[in-house]
Amino acid sequence: MSHKRIPKRKAAIAAGSVVALGAAAILLPNANASQDGSSDDAAAAPKTLKAGDASDLASQLSGLLGEAFGGSYYDGDSQQLVVNVVPGDNNNVIVQAKAAGAKVREVENSWSELQDGASTLKSEATIAGTSWSIDPRTNKLLVTADSTVTGAKWDRLESTVQELGSGMATIKKSSGTFKPFVSGGDAIFAGGSRCSLGFNVTAGDGSPAFLTAGHCTLGGNEWSDTQGGQPIATVDQSTFPGDGDFALVKYDDPATEAPSEVNTGDQTVPITEAAEATVGQEVFRMGSTTGLADGQVLGLDATVNYPEGTVTGLIQTNVCAEPGDSGGSLFTQDGLAIGLTSGGSGDCTVGGETFFQPVTTALEAVGATLGAGGAAGGGAGAGDEAGAGQEAGAGEEAGAGQEAGAGEEAGAGAGEEAGAGEEAGAGEEVGAGEQAGGDEAGAGAGAGQDAGQGVEDNSGLTESR
């Protein structure tokens, strides 16, 4: 196994970002308050909703409309849920959708038909370097092939898409390579591997735990919050590849505090509950390599054919990510936990496709809960005695510690030395991709200490690298 040294990345929060963030209110829970039509004439018009409420309505309409349901997406400009309906001979389904407050769009493909198309792709074109997801905005399957899909592989994929028909699927090429995001920044460590903490949760037996990417656990079962440090948590359950990319890791100390929050460095975002993703929804990703990044959900029920194997049931987004962001938190400005960073292609310079494990699916699979009493965390090693220094995870500095977030010692959830100490951005022996599930950085760690890339997002939070 070969290793390479990766330069340490530090978080740099630009002066005045606090003011800018406050003005934009980009992460405040009430930034997009729900509004209903104020006049009687508007009673039948589509309701204006915040994204979380739109997600709930979408779930209700999916069951209500049955086979007529063709998916839905969130229109951020109008703050409305658009629901696709295959009307057939029953106009009542359109009346029902409108009465529920959705904006109705008639389409050709039902959700079940799109899922059947995805099944055809799985049986005939499961090729490493490909992915597909359902895009309700086009009412089609979005099929993507990375740069490794050439020659006979490309011909096979293209032929399968053509068989489905132009009205069912589209295909495009990606310049990058699909892979789990490996190596990079500070966070949780197992042997020579590193990963990102996603959300703190409460396990089924009541013990404190956290969720991360399943491919991270290929690096080892015992995790520390400092490289070479004493283990603080042990893998309890893990899935990768297959029906997801998630793992439940239990803290060894049952007294560990696991705060329900994500520390973005400039503020702490309380996490209230897990929620389903909605296409068009604005989401934020926290990772210790690139810090805070935002974007939109592009597709649901995504299948990704990594070199290590096929993973199903993921969320596709345009939120940038880089090696070290795996396992990290995908959440909304009003405190909904949406996903765990899995992998993709590209970086935060050129962009690319990124895929996330839905938190709702992971919680159900491992029997854990998120919210009051033990939930999402911006800091690894949560709790004053979590083994990460005096301020670990949930201490007075809530995952920041004396240096966390921007200092030399920026750690994973943070005490004075939390995360990785002097070598925190990379470590001496960080694998360069051979640890396919392994060398990952802690998202939600500290304060985005290895943040960003010199790009200023809409929140006014400047990320630098």
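Whatever comes next refers back to the structure up there.
What you see is a predicted model, and the numbers here were worked out from it, not measured in a lab. (Residues numbered from 1 in each chain as written. Predicted model: local features only at pLDDT ≥ 70, side-chain atom pairs only at ≥ 80, totals over all residues. Heavy atoms only, no water.)

**Structural notes on the environment of glutamate 261**
The criterion, for reference: A run of H or I in DSSP becomes a helix once it reaches four residues, and a run of E becomes a strand once it reaches two; helices and strands are each numbered from the N terminus.
Within the fold, glutamate 261 resides in strand E15 (residues 261–263). A C-alpha to C-alpha distance of 8.1 Å links glutamate 261 and asparagine 200, two positions 61 residues apart in sequence.

**Description of helix H5 (residues 151–164)**
Under the convention used in this document: In a helix, the anticipated span is given by 1.5 Å times the number of residues less one. Any pair of residues with heavy atoms lying within 4.5 Å of one another is described as a contacting pair.
Over its 14 residues, H5 extends 20 Å from the first C-alpha to the last, a length consistent with the 20 Å expected when each residue adds 1.5 Å. At its buried positions, H5 is contacted by helix H4 (111–124), strand E4 (130–135), strand E5 (140–145) and strand E6 (169–173). Just past H5, the residue glycine 165 takes up positive phi, approximately 100 degrees.

**Notes on the sheet that holds strand E2 (residues 80–85)**
Pairing between sheet strands relies on hydrogen bonds along the backbone, with the strands arranged either parallel or antiparallel. So the rule is basically this: Note on pairing: DSSP must find at least two bridges between two strands before they are called paired. For helices, the fitted axis covers only the stretch in contact; all axes are lines through C-alpha atoms, and the angles between them, taken along N-to-C directions, range from 0 to 180 degrees.
Spatially, three strands are ordered E1-E2-E3 in an open sheet, and the strand pairing comes out mixed. Each of the sheet's edge strands pairs with one partner strand only, and the pair in question is strand E1 (69–75) and strand E3 (103–106). Averaged over all pairs of adjacent strands, the angle between strand axes in this sheet comes to 25 degrees, irrespective of strand direction. Direction of pairing for E1 relative to E2: antiparallel, over a ladder of five bridges. Within the sheet, the bridge partner assigned to aspartate 75 lies in E2 and is glutamine 80.

**A look at the packing of aromatic side chains**
Using the following cut-off: Pairing of aromatic rings covers Phe, Tyr and Trp, the last through its six-membered ring, and needs centres within 6.5 Å; plane angles under 30 degrees mean stacked, over 60 mean edge-to-face, and all others mean tilted. Here's how the labels work: a residue is buried when its accessible area is under 20% of the maximum for its type, exposed when over 50%, partly exposed in between, all with a 1.4 Å probe on protein chains only.
Overall, the coordinates contain five aromatic pairs when judged by the stated rule. Taking 6.2 Å as the distance between ring centres and 45 degrees as the angle between the ring planes, the aromatic pair formed by phenylalanine 240 and tyrosine 306 counts as tilted. Here the residue phenylalanine 240 occupies a position in the loop between strand E13 (233–239) and strand E14 (246–251), and tyrosine 306 occupies one in strand E19 (residues 291–306), the gap between them amounting to 66 residues. In terms of burial, phenylalanine 240 and tyrosine 306 fall into one category: buried.

**Some remarks on the state of the cysteines**
The condition that has to hold: Any two cysteine sulfur atoms within 2.5 Å of one another count as a disulfide.
Summed over the entire model, instances satisfying the criterion amount to one disulfide. Put simply, cysteine 320 and cysteine 348 are joined by a disulfide, and their sulfur atoms are 2.0 Å apart. One disulfide, between cysteine 320 and cysteine 348, carries an S-S torsion of 90 degrees and so falls in the right-handed class. Taken together, the residues span a long stretch of sequence, with cysteine 320 in the loop between strand E20 (309–317) and strand E21 (329–331) and cysteine 348 in the loop between strand E22 (336–344) and strand E23 (354–358) at a distance of 28 residues. As far as the burial class goes, cysteine 320 and cysteine 348 line up, both buried.

**With respect to the nonpolar core**
The line we're drawing: As used in this record, nonpolar core signifies buried Ala, Val, Leu, Ile, Met, Phe, Trp, Tyr and Cys residues forming a set joined through side-chain atoms within 4.5 Å.
Formed by 51 residues in total, the largest nonpolar core has its most connected members in Leu65, Leu81, Val83, Val85, Leu141 and Ile338. Element by element, the count of residues in this core is highest for helix H2 (residues 51–65), at six residues. Not counting the four nearest positions on each side in its chain, valine 85 is found in contact with Leu65, Ala68, Val93, Ile94, Ala97, Val104, Arg105, Glu106 and Val107. Val201, Leu211, Leu340 and Leu370 belong to the second largest nonpolar core, which has 22 residues in total.

**Section: unusual backbone geometry**
Residues other than glycine predominantly adopt negative phi, and peptide bonds predominantly adopt the trans conformation. The omega angle of the peptide bond from phenylalanine 240 to proline 241 is -15 degrees, so this bond is cis rather than trans. Relative to the helices and strands, proline 241 is located in the loop between E13 and E14. A positive phi angle, close to 55 degrees, is found at glutamine 79, a residue other than glycine. Position of glutamine 79 relative to the elements: it lies in the loop between E1 and E2.

**A closer look at the side chain of aspartate 146**
We count it as follows: In summary, the charge assignment counts Lys and Arg as positive and Asp and Glu as negative, without counting His or the chain termini. For this document, the term salt bridge refers to a Lys or Arg side-chain nitrogen within 4 Å of an Asp or Glu carboxyl oxygen.
Along the chain, the position of aspartate 146 falls in the loop between E5 and H5. No salt bridge is formed by the buried aspartate 146. Its closest oppositely charged neighbour is lysine 173, at 6.3 Å. With sequence-adjacent residues up to four places away left out, aspartate 146 is seen in contact with Gly129, Lys173, Ser174, Gly176, Thr177 and Phe178.

**Here we look at the sheet that holds strand E11 (residues 208–212)**
Ordered in space as E10-E11-E14-E13-E12, the five strands form an open sheet in which the pairing is antiparallel. The two strands at the open ends of the sheet, each matched to only one other strand, are strand E10 (199–202) and strand E12 (222–223).

**Some details on the pairing of E22**
Taken residue by residue, a regular strand's side chains alternate between the two faces of the sheet. Most of E22 sits out of view: nine of its nine residues are buried. One ladder, built from two bridges, connects strand E7 (residues 179–180) with E22; its direction is antiparallel. Within E22, the residue paired with lysine 179 across the bridge is glycine 344. Two elements, strand E17 (residues 273–274) and E22, share two bridges in a ladder whose sense is parallel. Residue glutamate 273 lies in a different strand from E22, and its bridge partner there is leucine 336. Once E21 ends, the chain turns through four residues before running back antiparallel as E22, passing glycine 335 with a positive phi of about 85 degrees. Sheet analysis places E22 next to E23, joined by five bridges and oriented antiparallel. Bridging across to E23, leucine 340 finds its partner in glutamine 357.

**Section: the pairing of E6**
What counts here: With the strands pointing away from the viewer, any crossover whose connection runs clockwise from the first strand over the helix to the second is right-handed.
One ladder, built from five bridges, connects E5 with E6; its direction is parallel. Along E6, the bridge assignment pairs threonine 144 with lysine 172. Crossover E5 to E6 through H5 is right-handed.

**A closer look at the pattern of salt bridges**
Counted by the stated rule, this structure contains five salt bridges. The partner of lysine 250 in a salt bridge is aspartate 236, and the shortest N-O contact between them spans 3.7 Å. Linking lysine 250 in strand E14 with aspartate 236 in strand E13, this pair joins segments that are 14 residues apart in sequence. Among the residues examined, aspartate 236 registers a relative accessible area of 37% and is labelled partly exposed.

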